[in-house]
Amino acid sequence: MTSKQRSYLKGLAMNIDPIFQIGKSSLTPEITNAIAEALEARELIKITILKNCADDGNSIASILSERTRSEVVQVIGRKIVLYKQAKDETKRKIALPK
C-alpha cells in the first residue's frame, strides 16, 4: 500500500465510528472471526481498545492484520483502522487511488 493510498484511507476513516471494542479478554477467536467478516462486508473498519486491555494498540493491530490478512491503515492511541479489499468485485465500495 502506498502512502497516497494510506492517506486516502485515513481520510475516509475519520468519518466512521468504531464497530468493535477489544476488552480485557484481548483477542479471542470469536472477535477475530467477527472482524474478518466485517472487513469483508465493509472493507474499512475502526476498532477501539478499552482501557482494561493489557495489550497495546500496535501489537493488537499487527496480530489482527496477520490473522485477517488485512492492512493496518493507522494506529492512534487506542484506535485501530484496518482495510481489506473485498474479494468479490461487485461488493467493492472503496476505489484506491493509484
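Further up the page is the structure itself.
Now for a quick tour of the structure. (Residues numbered from 1 in each chain as written. Predicted model: local features only at pLDDT ≥ 70, side-chain atom pairs only at ≥ 80, totals over all residues. Heavy atoms only, no water.)

1. With respect to the overall build of the chain
Inference 1: A tally of helices and strands in the chain yields 3 helices and 4 strands.
Inference 2: Reading the secondary structure of the chain in the N-to-C direction produces α-β-α-β-α-β-β.
Inference 3: The C-alpha radius of gyration of the chain comes to 13 Å, within 12% of the 13 Å expected for a compact globule of 98 residues.
Inference 4: Principal-axis analysis of the C-alpha atoms gives the chain an extent of 40 × 25 × 20 Å.
Inference 5: Taken over 98 residues, the chain has a buried fraction of 39%.
Inference 6: Sequence separation of at least 24 residues holds for 69% of the intrachain contacts in the chain that already meet a minimum separation of 6.
Inference 7: Taken as a whole, the chain presents about 6,100 Å² of accessible surface, with 49% of it coming from carbon and sulfur.
Inference 8: Measuring between centres, the 17 positive side-chain charges of the chain sit 5 Å from its 11 negative side-chain charges. (Helix = DSSP H or I, 4+ residues; strand = E, 2+ residues; numbered from the N terminus. Rg over C-alpha atoms; globule rule 2.2 N^0.38 Å. Buried < 20%, exposed > 50% of the residue type's maximum accessible area, 1.4 Å probe, protein only. Contact = heavy atoms within 4.5 Å. Areas by Shrake-Rupley, 256 points an atom, 1.4 Å probe, with all protein chains shown as cover. Lys, Arg positive; Asp, Glu negative; His and termini not counted. Charge placed at Lys NZ, Arg CZ, Asp CG, Glu CD.)

2. Section: the sheet that holds strand S1 (residues 20-22)
Inference 1: Taking strand neighbours across the sheet as the criterion, the 4 strands line up as S1-S2-S4-S3 in an open arrangement whose pairing is mixed. The open sheet has two edge strands, S1 and strand S3 (71-76), and neither has a second partner. Direction aside, neighbouring strands of the sheet carry axes that sit 25° apart on average.
Inference 2: Looking at chain direction, S3 and strand S4 (residues 79-83) are connected through 5 bridges and run antiparallel. Across the sheet, valine 72 pairs through a bridge with leucine 82, a residue of S4.
Inference 3: In the packing of helix H1 (residues 3-13) onto the sheet, contacts are made with strand S2 (44-49), S3 and S4, and the angle to S3 comes to roughly 60°.
Inference 4: Its contacts with the sheet place helix H3 (residues 57-68) against S1, S2, S3 and S4, and it is angled at close to 165° to S3. (Pairing = 2+ DSSP bridges. Axes fitted to C-alpha atoms, helices over the stretch in contact; angles between N-to-C directions.)

3. Observations concerning helix H2 (residues 29-42)
Inference 1: Compared with the 20 Å implied by 1.5 Å per residue over 14 residues, the 20 Å span of H2 between its first and last C-alpha is a close match.
Inference 2: Along H2, the residues classified as buried are Ile31, Thr32, Ile35, Ala38 and Leu39. Looking down the long axis of H2, one finds its buried residues gathered within 125° of arc, a one-sided arrangement. In H2, the exposed positions angled more than 90 degrees off the buried face are occupied by Pro29, Glu30 and Glu37.
Inference 3: Looking at the residues trailing H2, positive phi occurs at glutamate 43, about 75°. (Expected span 1.5 Å × (residues − 1). Arc of directions from axis to C-beta.)

4. A closer look at the nonpolar core
For soluble globular proteins, nonpolar side chains are generally found buried alongside one another.
Inference 1: Among the nonpolar cores identified, the biggest contains 16 residues, and Ile22, Ile35, Ile45, Ile47, Ile60, Leu64 and Leu82 are the most heavily contacted of them.
Inference 2: Sorting the residues of this core by element identifies S1, H2, S2, H3 and S4 as the ones contributing at least two each.
Inference 3: With 4 residues, H2 is the largest single contributor of residues to this core.
Inference 4: Sequence-distant contacts of isoleucine 35, that is, excluding residues within four places in its chain, are made with Phe20, Ile45, Ile47, Leu64, Thr68 and Leu82.
Inference 5: In this structure, Leu9, Ala13, Val81 and Tyr83 belong to the second largest nonpolar core, which totals 7 residues. (Core = buried A, V, L, I, M, F, W, Y, C linked by side-chain atoms within 4.5 Å.)

None of this, on its own, says anything about what the molecule does.
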